[in-house]
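Reading the structure
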Amino acid sequence: MPERARKIRVSCVLNGSASSFEAHPMARLLDVLREDLKLTGTKEGCGEGECGACSIEMDGVLVNSCLVPALQAQGAKIRTIEGVAIGESLHAVQQAFIAHGGAQCGICTPGMILAALNLLARHPEPDDAQIREGLSGNLCRCTGYMKIFESVVAAVRRAETGA
Amino acid sequence: METRVIGKSVPRKEGREKVTGRARYVDDLSFPGMLHGVTVRSPAARGRIRAVHFEGDIPWHEFTVVTAKDIPGKNCIALLIEDQPCLAAEFVSHPEEAVVLLAHHDKYLLEEARRSVRIEIEPLPGLFSIEDSLAQKEIIWGQDNIFKSFYVEKGDVDSAWARAEFVVEGTYETGAQEQLYIEPQGMIAQVNGAEGVTVWGSLQCPHYVHKALMILFGLPRERIRVVQAETGGGFGGKEEYPSMIAAHAALLARKSGRPVKIIYDRAEDMVATTKRHPSRTRHVTAVSRDGKLLAMDIDFTVDGGAYETLSPVVLSRGTIHAAGPYACANVRIRSRAVATNAPPHGAFRGFGAPQSVFALERHLDRVAEAVGIAPEELRRRNFIREGQTLAVGQVVKEKVDMNALLGRAFELSGYHAKRKQFAAENSDARGAIKKGIGFASFLHGAGFTGSGEEYLASEVAMEAMADGSVHILAGSTEMGQGTNTIFAQIAAEALRLDCEQIRIVQPDTAHVPNSGPTVASRTAMIVGKLVETAATKLLKTLRDSGFLREGYSAEDFSRACGEYITAHRELKSFVKYEHPRDLHWDDQKYSGDAYGAYAWAVYVAEVSVDMRTAEVRVNDFVAVQEVGRVINPVLAAGQIEGGVAQGIGFALYENVVWQEGRMVNAQMTNYVMPTSVDLPAIRVCFEEIPYGRGPAGAKGIGELPLDGTAPAIANAIAHATGVDVRAIPVTAETLLEMLEAVHA
Amino acid sequence: MRAYLPAYEMETPQDLAAALERLAAESGVWKPFAGGTDLMVLLEAGKLPHKKFLNIWNLEELRGIEVRTEHVTLGALTTYAEVQRNETLAREFPLLCRAAAATGSVATQNRGTLGGNIANASPAADSPPVLVVYDAEIEIVSAGGARWVHYASFHTEYKKMNLHAGELIRRIRLTRKHAGWKQYFRKVGTRRAQAISKICFAAAARMEAGRIADVRIAVGSVAPIVLHAVRVEESLRGQRPGDAVLQAAQDALSAEITPVDDMRSTARYRRQVARNLLGEFLEVLAG
Ligand SMILES: Cc1cc2nc3c(=O)[nH]c(=O)nc-3n(C[C@@H](O)[C@@H](O)[C@H](O)COP(=O)(O)OP(=O)(O)OC[C@H]3O[C@@H](n4cnc5c(N)ncnc54)[C@H](O)[C@@H]3O)c2cc1C
Ligand code: FES
Ligand code: FES
């Protein structure tokens, strides 16, 4: 029987509320979210940092949760897709993804939306190059990205017109 | 025609669940007491299994261990035939073939255990190329390594050579391509005495899985249940392989008495599951002085991997599409699918056609060059028109105007001006960037080939509830391509309701009828038509009952449903596919009406090539197609854009590196698909000619974009550099070598 | 996730001194863990042999970019995102910003660190060529003290370097002497973003009256370690960029590099493209 190390307790702020969990220190934050905290909106597409399906925000920056060990979540402020809508009212980016075909199979969508939100936080009015750059770590096999770009642009327009 | 919802971009039915992360994919599901399962796979490509050793410091007694001996029924994954074992018993025929299954509740310990199983194999020599298989260096399948061959003949090819001004020959190759859906494959199974076998999973074709499990377990139909979870992309990759994972999960569940979940990680998904068939096509073409195609002699071979799986069907589609949208009096197509010791190649969007269309469209540019006319001129002189006959003997009865599509595509892309401009700019020998523009013209048949739809005899049911909501029951799956939404639109249109009033019942073999597999661009056109008919029937029942008046509102409809159900208990309709009487297909001669309808298209690609690094960039892409009536413009454009993106990957980036039948670059880092910065603007244009037999006039579109993208790009690269591209992917490495050869 | 997770331990030391003490007490047992963008990938694949890690991510002593008259000093934990946001770097060390921008994508740039990139010692990494070109120095600390080494001689052979168990890379120092140099960077990857280099070429030269007065060139992915192309530099010093000079420099480069075939590219490609990029660099110098 292989040796077993102890688990640690980690406290963080998750989608605005204090949260704590027990995990092996090097457990992937992705697994902690999905399995221990039952937040299955964050997806695994590769487990190697390539696809971005597991993207979340940690202390305001975009990270791949498959590459973050549980221990490093100690004290962090974390936002996942479950923390994007306010109750039943969707964020403008989410609405735009529905209206403009930004989601097809939907498996990349939670990560893509987090990446889009993070992009808009850094560049509130991104140009085409900034959008492409900002989403380049989030692979989508369904859309060819065009409708995702359109969704981001539409969300910006909504924000501008206050619609 | 005035429509309510057809032709409108109504939002995706399950969009809200998807953007909030609430949609439940298989790995998001969990059952009490559930174990995790893993597969232990063959380290060798071909050989005899000598022994299986369970080693290491592992509490083996805690594990559920399954081998071929534990299979209650037949050890096969039944598809067209039953040659592929579920678990290898004595022999292995490809690397990563499943041999042993393990289950445990601790998934980390399970991985440690997987590493501690050693499968001892006495190796046998393997075949790893089409050439070696054809040369029969070993016989690894049947008598001759050939899964299937076809022979198509129209006119008399051999009589044409003598009359020809030019005879142009060429051999073209395409590589394997990984579907790379972002959600890896997975299944959960539960087996108990009361209900039999139930599986939930990421899959395209619930009834394929259902059939495979019946035979594996030796159980009757009603004791097997297959439920589709939300599916994160398929593209053909979840057509046949899910039966394998379902079988494995179910065997572990049966033995352990607990629910078992098997989720592949990316590396396992890449090394073990199917890919697009590698292909080799040889063309010999006779042309007259004025560029008329006198004869096309085509020899098409695909590598099927170790077991037959769907290779005959892939080969069939590839064969039928091999001569393209051209009228040529004399055509001969010989084709075959051969066995090698790689994991079986399988369904991937386009299904054989992208391979043979690449060869043809690249070849025709070379033919034009030989004749001394522009590539578009060669196409124009040979495009098929209404009333003319395709290679397989099908008389085209649809309105088709390839010239108009070509014109539109050229206008949108500025083809003529750019062709001139680039030629001038490229003539500066020192220029580091060369630009090119190229195109491909092609067709894609929608639905199953030949009599396929007749055999499938798909069914759809519909039920109205007392509150007026209407449920569609179909085995067609949503995996991102929009099935739910367009079905709702079709039903809503026929019933004159809004889409919100239509519900799509989750595909579950216990509840929905068999609507055939969700493949072959057949869902909108074939199954959608059944949905439309079911809706019309339902409406007629309601009308005939007298509960519903002319010019009804949604409220009237709901009230009428309530009244009808009070009176008659339920309000249902059921339809079964009926093959149009005037479509005939001869399986023996391989001729006749191969498809009920075709989509027609011209794609134009503009590229630049950096001569220092041989990197190709696609700068602009125009996709013009005639696909009948477009049911949902945003979804349809999304299908084309996504397909073009996959086609760009197929043409330039996606290179499976093989070593003795095993994919060695099985990571997303090393098998590269396009990111958001690798793609041009993809400009999509639909010409709509309603198709009489499609729902509201629609034809199929799903696979089409895979066919023309790669050859358009290859032709553009040839235009930019003068390099005679014969194979894809055109990686920078291969292009650099070709450039050196041209300039040497 | 293929690793046997319970076998892995990680601890967070309070400060640098505590970290160094821990590293010294059990020599070779603990290994630093920074942003994890290399380590977690190995863990996931079940290929991380080491089992005990010290989480250095929170060590303030290893953070921050400090601009002084003579030098710019970057903490080992400086991320690619931080590199790109720094104005002095953008002005005087643009190659470092370009390498950072070309590394992975947003999420990787937020977590990946320069110290990790150096210590991971991949021949395909993108910042090493730039650090060689800028003649960076790195400070290596241990419980026993601190030492500065020239980065150009830090890597010795494939995955081997002048860094011992118990040592940490603390910071990276760049001398502010490149203002006015002509600078060139080009990464040729498998695609345009989120790509591993097939070849990464960094170079800078100081021109005097049309002649190359001083020059530094380094190339990634063409040798077991980042290649400092000293012979190419020698062949260029004092020369005017031109066809003959290029030819000689390319020949020197061909002799210096030892590229291999792997699943991402071929030796032949790397060889030819390295020559071509050298040509492009000389055009920049001539232009
Ligand atoms: C998706 C993806 C894309 C990538 N793309 C690129 C790319 O384009 N170009 C590129 O160059 N790299 C790329 N990388 C790798 C790059 O992110 C890493 O090399 C990164 O810089 C390592 O930093 P880290 O802090 O994450 O290191 P870690 O993973 O934490 O550590 C890496 C190694 O360095 C050691 N280490 C870390 N910090 C120190 C220190 N201060 N002192 C001593 N040893 C230390 C660790 O012990 C370990 O051996 C990519 C990675 C991913 C996941
Ligand atoms: S799962 Fe984390 S990046 Fe793919
Ligand atoms: S919508 Fe399917 S991967 Fe993006």
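In this text, all values refer to a predicted model and were calculated from it rather than measured experimentally.

Attention now moves to the overall build of chain C. Scanning chain C for helices and strands turns up 11 helices and 14 strands. If one aligns the C-alpha atoms of chain C with their principal axes, the spans along those axes are about 60 × 45 × 30 Å. Counting only residues that meet the buried cut, chain C has 57% of its 287 residues in that class. Residue pairs in contact within chain C that sit at least 24 positions apart in sequence constitute 60% of those at least 6 positions apart. Total accessible area on chain C stands at roughly 11000 Å², and carbon and sulfur atoms take up 48% of it. Here chain C carries 37 positive and 31 negative side-chain charges, and the mean point of each set is 5 Å from the other.

Take the side chain of Ser116(B) next. As for its placement among the helices and strands, Ser116(B) is situated in the loop between helix 2 (107–115) and strand 6 (117–123). Leave out the neighbours within four places in its chain, and Ser116(B) touches His53(B), Phe54(B), Glu55(B), Gly56(B), Ile58(B) and Trp60(B).

Moving on, we get to the domain arrangement of chain C. All names here are of chain C. Examined at the domain level, chain C breaks down into domain 1 (5–55), domain 2 (60–175) and domain 3 (182–286). Of note, the centres of domain 1 and domain 2, computed from C-alpha atoms alone, are 19 Å apart. For the pair domain 1 and domain 2, the number of links is zero salt bridges. At the surface where domain 1 touches domain 2, the tally comes to three residue pairs in polar contact (both at pLDDT 80 or more). Residue classes in the side of domain 1 that touches domain 2 are distributed as six nonpolar, four polar and two charged.

Residues and elements named next belong to chain B. For the bond running from Ile728 to Pro729, omega is 0°, close enough to zero to count as cis. One can find Pro729 in the loop between strand 30 (727–728) and helix 18 (732–743). Residue Thr309 is not a glycine yet carries a positive backbone phi of 35°. Looking at the secondary structure, you find Thr309 in the loop between strand 16 (293–305) and helix 7 (311–320).

A few words on the sheet that holds strand 2 (residues 17–23) of chain A. Sheet strands line up and pair through hydrogen bonds in the backbone, either parallel or antiparallel. All names here are of chain A. Spatially, five strands are ordered 2-1-5-3-4 in an open sheet, and the strand pairing comes out mixed. Of all the strands in the sheet, the pair left with one neighbour each is strand 2 and strand 4 (61–64). Looking at each pair of strands side by side, their axes are set apart by 40° on average, direction ignored. As defined by bridge partners, strand 1 (residues 8–14) adjoins strand 5 (residues 77–79) across two bridges and the pair is classed as parallel. Looking at the pairing, Leu14 lines up with Ile78 of strand 5. Those strands touched by helix 3 (residues 109–122) are strand 3 (55–58), strand 4 and strand 5, and its axis lies near 40° from that of strand 3.

What follows concerns helix 2 (residues 92–99) of chain A. Every buried residue belonging to helix 2 of chain A is among Val93(A), Gln94(A), Ala96(A), Phe97(A) and Ile98(A), and all of these are buried. Two residues or fewer past helix 2 of chain A, Gly101(A) is found with a positive phi of approximately 75°.

Right, let's get into the interface of chain B and chain A. Between chain B and chain A, the contact holds 60 residues from the first and 49 residues from the second. Summing both sides of the interface, chain B and chain A together bury roughly 4200 Å²; the carbon and sulfur share of this comes to 54%. Of all residues in chain B, the largest losses of buried area upon contact with chain A belong to Val19(B), Ile182(B) and Ser676(B), amounting jointly to 17% of the total for that side. If you look at where chain B meets chain A, you find eight salt bridges.

Let us look at the domain arrangement of chain A. Residue and element names in this part refer to chain A. If you check the domain split of chain A, you get domain 1 (3–83) and domain 2 (92–161). Using only C-alpha atoms to locate each centre, domain 1 and domain 2 end up separated by 23 Å. Across the boundary between the two partners, domain 1 contributes 15 residues, which contact 12 residues of domain 2. For the domain 1 and domain 2 pair, buried surface summed over both sides reaches about 1100 Å², with 60% attributable to carbon and sulfur atoms.

With that settled, consider the packing of aromatic side chains. All names here are of chain C. Across all of its chains, the model carries 23 aromatic pairs over all chains by this definition. Between Phe33 and Phe53, the ring centres sit 6.0 Å apart and the planes meet at 85°, which makes this aromatic pair edge-to-face. In this pair, Phe33 sits in strand 2 (residues 30–33) while Phe53 sits in strand 3 (residues 52–55), placing the two residues 20 residues apart along the sequence. In this structure Phe33 comes out as buried when scored by relative accessible area, which is 0%. Ring centres of Tyr184 and Phe201 lie 5.7 Å apart, and the angle between their planes is 75°; on these two criteria the pair is classed as edge-to-face. Of this pair, Tyr184 sits in strand 11 (residues 182–189) while Phe201 sits in strand 12 (residues 197–208), placing them 17 residues apart in sequence.

The subject of this paragraph is the interface of chain C and chain B. On the side of chain B, 33 residues touch chain C, which itself brings 30 residues to the contact. Counting each side, the surface lost to burial between chain C and chain B is near 2800 Å², with a carbon and sulfur contribution of 50%. On the surface where chain C and chain B come into contact, there are eight salt bridges. On inspection of chain C and its partner chain B, the count reaches 15 residue pairs in polar contact (both at pLDDT 80 or more). Elements with a minimum of two residues in the side of chain C that touches chain B: strand 11 and helix 11 (267–286) of chain C. At eight residues, the largest contribution of residues to the side of chain C that touches chain B is made by helix 11 of chain C. Taken together, the residues of the side of chain C that touches chain B sort by class into 12 nonpolar, eight polar and 10 charged.

Conventions we followed
Starting afresh in each chain, residues are numbered from 1 along the sequence in its written order. Here the convention is simple: chains get letters from A, ligands get numbers from 1, in the order in which they are written. Local features in this predicted model are restricted to residues whose pLDDT is 70 or higher, and side-chain atom pairs enter the listing and the counts only when it is 80 or higher, whereas totals over whole chains, interfaces and linings include all residues. Values shown for side chains rest on all heavy atoms present in the structure; no hydrogens or waters enter the calculation. Strands here are runs of E lasting at least two residues and helices are runs of H or I lasting at least four, both read from the DSSP assignment and numbered beginning at the N terminus. Burial classes: relative accessible area under 20% of the type maximum marks a residue as buried, over 50% as exposed, and values in between as partly exposed (1.4 Å probe, protein chains only). Only heavy atoms matter for contacts: two residues are in contact if any of them lie within 4.5 Å across the pair. Surface accessibility follows the Shrake-Rupley procedure with a 1.4 Å probe radius. Residue values consider only the protein chains on display as shielding. In summary, the charge assignment counts Lys and Arg as positive and Asp and Glu as negative, without counting His or the chain termini. Every charge is mapped to an atom, namely NZ of Lys, CZ of Arg, CG of Asp or CD of Glu. Segmentation into domains, and thus their bounds, comes from an automatic or database assignment. The working definition used for a salt bridge is a side-chain nitrogen of Lys or Arg within 4 Å of a carboxyl oxygen of Asp or Glu. Pairs of N or O atoms within 3.5 Å make up the polar contacts considered here, provided that, within protein, one atom can donate a hydrogen while the other can accept it, and that residues adjacent in sequence are counted only when both atoms are side-chain atoms. Polar here means any residue outside two lists: the nonpolar Ala, Val, Leu, Ile, Met, Phe, Trp, Tyr, Cys and Pro, and the charged Asp, Glu, Lys and Arg; Gly therefore counts as polar. If DSSP finds at least two bridges between two strands, the strands pair. Every angle, taken between N-to-C directions, lies between 0 and 180 degrees, and every axis is a line fitted to C-alpha atoms, over only the stretch in contact when it is a helix. Each of two parts loses accessible area, computed with a 1.4 Å probe, when they are put together; buried area is these two losses added. A pair of Phe, Tyr and Trp rings is counted when the ring centres sit within 6.5 Å of each other, with Trp represented by its six-membered ring. The angle between the planes then sorts it: under 30 degrees is stacked, over 60 is edge-to-face, the rest tilted.

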